[in-house]
Amino acid sequence: MQRKRPSFGPVMFYALAGTFGTYLTFAAVQGEYGLFNRIQIDADAAGLRIERDRLALELAEVENRTHRLSDAYLDLDLLDQQARNILGYVRADEIMLR
């Protein structure tokens, strides 16, 4: 009885198809545009959104102070506070402790 050897073509086809499928699966998970990279990008975006919101609040506060010290609207309490902090002014009836 003679055994018939399987032809080499189908074996090679399935080997190449399996290798290609493995490569595509790896690229989909770990590649430049893969799943893990997408999760990292989403986490970075969330952190940047938080920082953007914090900076927007800080900008609003600075704009408010700028408006309160402008020529059109002068807040004397804020002016007094800024003069004390920046220039070190003290009224004559106050005692300064360091």
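**Brief notes about the overall build of the protein**
Here is step 1 of the chain: What the protein contains, in helices and strands, is three helices and zero strands.
Here is step 2 of the chain: When the elements of the protein are put in sequence order from the N terminus, they spell out α-α-α.
Here is step 3 of the chain: What you see for the protein is a C-alpha radius of gyration of 35 Å, clearly larger than the 13 Å of a compact globule of 98 residues, by over 25%.
Here is step 4 of the chain: By its C-alpha atoms, the protein is 120 × 35 × 15 Å across when sized along the principal axes.

**Side note on the packing of aromatic side chains**
Here is step 1 of the chain: Enumeration according to the criterion identifies one aromatic pair in this entry.
Here is step 2 of the chain: Pairing Phe13 with Tyr14 gives two aromatic rings, centres 5.3 Å apart and planes at 70°, and the pair type is edge-to-face.

**As for the pattern of salt bridges**
Here is step 1 of the chain: Under the counting rule described, the total for this entry stands at six salt bridges.
Here is step 2 of the chain: Of the charged contacts, one joins Asp42 and Arg38 as a salt bridge, the two residues approaching to 3.6 Å between their closest N and O atoms. Of this pair, Asp42 and Arg38 both sit in helix H2 (residues 35–68), four residues apart, which is roughly one turn of that helix.
Here is step 3 of the chain: By relative accessible area, Arg38 is classed as exposed at 52%.
Here is step 4 of the chain: With a shortest N-O distance of 2.7 Å, Arg68 and Asp75 are connected by a salt bridge.
Here is step 5 of the chain: Residue classification places Arg68 among the partly exposed positions, given a relative accessible area of 24%.
Here is step 6 of the chain: With relative accessibility at 16%, the residue Asp75 sits in the buried group.

**Here's the deal with helix H3 (residues 76–87)**
Here is step 1 of the chain: For H3, built from twelve residues, the straight-helix expectation of 16 Å at 1.5 Å per residue is met to within 8% by its first-to-last C-alpha distance of 16 Å.
Here is step 2 of the chain: Of all the positions in H3, only Leu78, Gln82 and Ala83 are classed as buried. Axial view of H3: buried residues confined to an arc of 135°, hence all on one face. Those residues of H3 that are exposed and aimed more than 90 degrees away from the buried face are Leu76 and Asp77.
Here is step 3 of the chain: Summarising the contacts, the buried residues of H3 are in contact with H2.
Here is step 4 of the chain: Two to three positions downstream of the cap, the backbone nitrogen of Asp77 sits 3.3 Å from a side-chain oxygen, assigning the N-cap of H3 to Asp75.

**Looking at the side chain of Gln82**
Here is step 1 of the chain: Along the chain, the position of Gln82 falls in helix H3.
Here is step 2 of the chain: Not counting residues up to four positions away in its chain, the partners in contact with Gln82 are Arg65, Leu69 and Leu87.

**Some details on the confidence of the model for the protein**
Here is step 1 of the chain: Looking at the protein, the pLDDT average stands at 88 and 97% of residues meet or exceed 70.
Here is step 2 of the chain: Summarising per-element confidence for the protein, the mean pLDDT is lowest in H3 (83) and highest in H2 (95).

Rules of the game
- Residues numbered from 1 in each chain as written.
- Predicted model: local features only at pLDDT ≥ 70, side-chain atom pairs only at ≥ 80, totals over all residues.
- Heavy atoms only, no water.
- Helix = DSSP H or I, 4+ residues; strand = E, 2+ residues; numbered from the N terminus.
- Rg over C-alpha atoms; globule rule 2.2 N^0.38 Å.
- Phe/Tyr/Trp six-rings, centres within 6.5 Å; stacked < 30°, edge-to-face > 60°.
- Salt bridge = Lys/Arg side-chain N within 4 Å of Asp/Glu carboxyl O.
- Buried < 20%, exposed > 50% of the residue type's maximum accessible area, 1.4 Å probe, protein only.
- Expected span 1.5 Å × (residues − 1).
- Arc of directions from axis to C-beta.
- Contact = heavy atoms within 4.5 Å.
- Polar contact = N/O pair within 3.5 Å; in protein donor to acceptor, adjacent residues only side chain to side chain.
- pLDDT = per-residue confidence, 0-100.

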